[in-house]
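Report on the structure
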Amino acid sequence: MAKIIGGVTTSHVPAIGGAIAKGLQQDPYWKPFFDGFIPVRHWLAETKPDTVVVIYNDHGLNFFLDKMPTFAVGAAPEYRNADEGWGIPQLPAFAGNQDLSWHLIESLVADEFDITSCQEMAVDHAFTLPMALLWPDQKWPVKVVPVCINTVQAPLPSALRCWKLGQALGRAVASFPGDERVLVLGTGGLSHQLDGERAGFINKEFDLQFMRSLVEDPTWATRFSTFELVEKTGTQGVELLMWLATRAALGERVKQLHTNYHIPISNTASGLMLLESC
Ligand code: DHB
Ligand code: FE
């Protein structure tokens with residue numbers, strides 16, 4: 001049966017794409033952020049996952065406000081990036097793992113999650129840039145399955161619902177025939193707010209407590225409503241729901257192999273965790 005070997009959780013910020021394009025990885029502003037990924041790359045080179053299930057939120061590239069699924073899973077043969085207006089280069093296409101996609105969709109629907117299945121799907125910076133941080137040569141050695149959670153238009157799914165989705169994803173992967181080695185990559189957060197009166201809001205104390213909780217008490221954040229999460233982490237900080245779903249997919253116990261936290265990257269408190277399933 002397929003196996004989830006571990007999870008990576010990371011922030012996503014469009015400016016990372018600009019920094020990569022300009023080769024600014026050693027620049028003093030960017031270095032503490034990019035260097036965080038070095039141990040993750042070593043681990044990937046050792047553990048060699050075959051497929052990445054990417055849990056992220058689309059920001060208006062594939063889904064817009066007129067049609068906004070709460071949960072969507074890609075089932076396309078390949079996924080392409082497109083211009084989101086940030087002025088960053090588009091990255092090479094990603095090969096889909098369609099067998100795993102359909103297995104996940106069938107399994108999640110049987111598990112009472114009403115999934116939108118997408119046989120065509122554009123992937124935005126929240127998907128592409130974390131992949132480019134894990135594989136900087138952009139010659140993707142893995143297939144992918146995108147999983148989208150709506151965090152851009154109310155009503156958002158609750159933290160508990162995202163936890164349960166992650167658990168269901170974990171069960172679904174574990175029942176996939178074959179010996180696929182699966183990495184779960186969750187992208188978003190940590191605290192940030194891009195607009196409004198609190199633009200620039202960052203909550204380091206909450207972010208660090210949340211990161212610790214994923215190892216020590218992983219359902220801790222499910223006690224908060226999405227409104228409370230927005231209050232504590234900013235309007236876009238609620239993207240941390242992707243981290244919660246990722247952690248839930250990894251099963252009961254995890255070993256933390258690496259972590260990084262750096263303020264700010266663009267307007268965002270940037271976090272990174274590498275968790276191995278035990
Ligand atoms: C920024 C952060 C995001 O999560 C995003 O989707 C877009 C921009 C930022 O900090 O600039
Ligand atoms: Fe975002």
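Residues numbered from 1 in each chain as written. Chains lettered and ligands numbered in written order. Predicted model: local features only at pLDDT ≥ 70, side-chain atom pairs only at ≥ 80, totals over all residues. Heavy atoms only, no water.

Further remarks concern the site of ligand 1. In the vicinity of ligand 1, the contacting residues are H12, V13, P14, H59, W86, H125, H192, L194, E239, S266, N267 and T268. Side-chain polar atom of H59 to an oxygen atom of ligand 1: 2.7 Å apart, as the coordinates give it. Burial of ligand 1 by the protein chains amounts to 96% of its free accessible area of 300 Å². Here the residues of the shell around ligand 1 are counted per class, giving 4 nonpolar, 7 polar and 1 charged. (Near = heavy atom within 4 Å. Polar contact = N/O pair within 3.5 Å; in protein donor to acceptor, adjacent residues only side chain to side chain. Areas by Shrake-Rupley, 256 points an atom, 1.4 Å probe, with all protein chains shown as cover. Nonpolar A, V, L, I, M, F, W, Y, C, P; charged D, E, K, R; others polar.)

For T226, the location among the structural elements is in helix α8 (residues 226–233). Judged by relative accessible area, T226 falls into the buried class, the value being 12%. If we skip the residues at most four places from it in the chain, T226 touches L156, P157, S158, V238 and L241. (Helix = DSSP H or I, 4+ residues; strand = E, 2+ residues; numbered from the N terminus. Buried < 20%, exposed > 50% of the residue type's maximum accessible area, 1.4 Å probe, protein only. Contact = heavy atoms within 4.5 Å.)

Oppositely charged side chains can form a pair if their charged atoms are brought close together. One pass over the structure, following the stated rule, counts 5 salt bridges. For D217, the salt bridge identified is with R223, shortest N-O distance 4.0 Å. A relative accessible area of 36% places D217 in the partly exposed class. (Salt bridge = Lys/Arg side-chain N within 4 Å of Asp/Glu carboxyl O.)

Those protein atoms acting as donors to the iron ion (ligand 2) are H12 (NE2), H59 (NE2) and E239 (OE), and they sit at 2.1 to 2.2 Å. Considered as a linear motif, the donors of the iron ion (ligand 2) on their single chain read H-x46-H-x179-E. On the criterion of sequence distance, the pair formed by H12 in the loop between β1 (3–10) and α1 (15–22) and E239 in the loop between α8 and α9 (241–249) is long-range, its members being 227 residues apart. On the basis of relative accessibility, which here comes to 3%, the residue H12 falls in the buried class. (Donors = N, O, S within 2.8 Å, 3.2 Å for Na, K, Ca; no water.)

Our focus in this paragraph is the packing of aromatic side chains. Counting across every chain of the model gives 13 aromatic pairs. Ring geometry for F33 versus F34: centroids 5.3 Å apart, planes at 80°, classification edge-to-face. By relative accessible area, which is 2% here, F33 ends up buried. We classify F34 as buried; its relative accessible area is 6%. A centroid spacing of 4.5 Å and a plane angle of 20° characterise the contact between F94 and W140, whose relative ring orientation is stacked. With F94 in strand β5 (residues 94–95) and W140 in the loop between α5 (125–134) and β7 (143–149), the pair connects residues that are 46 residues apart, well separated along the chain. (Phe/Tyr/Trp six-rings, centres within 6.5 Å; stacked < 30°, edge-to-face > 60°.)

Turning next to empty space enclosed by the protein. One pass over the full model with this rule turns up 1 cavity of 30 Å³ or more. Of the voids in this model, the largest cavity is the one considered here, and its volume is about 50 Å³. Per-class residue counts for the lining of the largest cavity are 4 nonpolar, 5 polar and 2 charged. (1 Å grid on protein atoms, 1.4 Å probe; cavity = no way out; pocket = protein on both sides within 12 Å on 5 of 7 lines; lining within 4 Å. Points joined across faces, edges and corners; volume = space filled by probe spheres on them.)

Here the bond from A154 into P155 is cis, since omega is 0°, no more than 30 degrees from zero. Within the fold, P155 resides in the loop between β7 and α6 (159–174). For the bond running from G189 to L190, omega is -15°, close enough to zero to count as cis. Here L190 is to be found in the loop between β8 (181–187) and α7 (204–216). Within the chain, Q138 stands out as a residue other than glycine whose phi angle is a positive 60°.

One open sheet holds the 8 strands; their spatial order is β6-β3-β7-β2-β8-β1-β10-β9, and the pairing between them is mixed. Sheet topology places β6 (116–118) and β9 (254–265) at the edges, where each strand pairs with a single neighbour. When the angles between neighbouring strand axes are averaged without regard to direction, this sheet yields 15°. One ladder, built from 9 bridges, connects β9 with strand β10 (residues 268–277); its direction is antiparallel. Along β10, the bridge assignment pairs K255 with E276. Of the strands in this sheet, β9 and β10 are in contact with α7, which crosses β9 at around 165°. (Pairing = 2+ DSSP bridges. Axes fitted to C-alpha atoms, helices over the stretch in contact; angles between N-to-C directions.)

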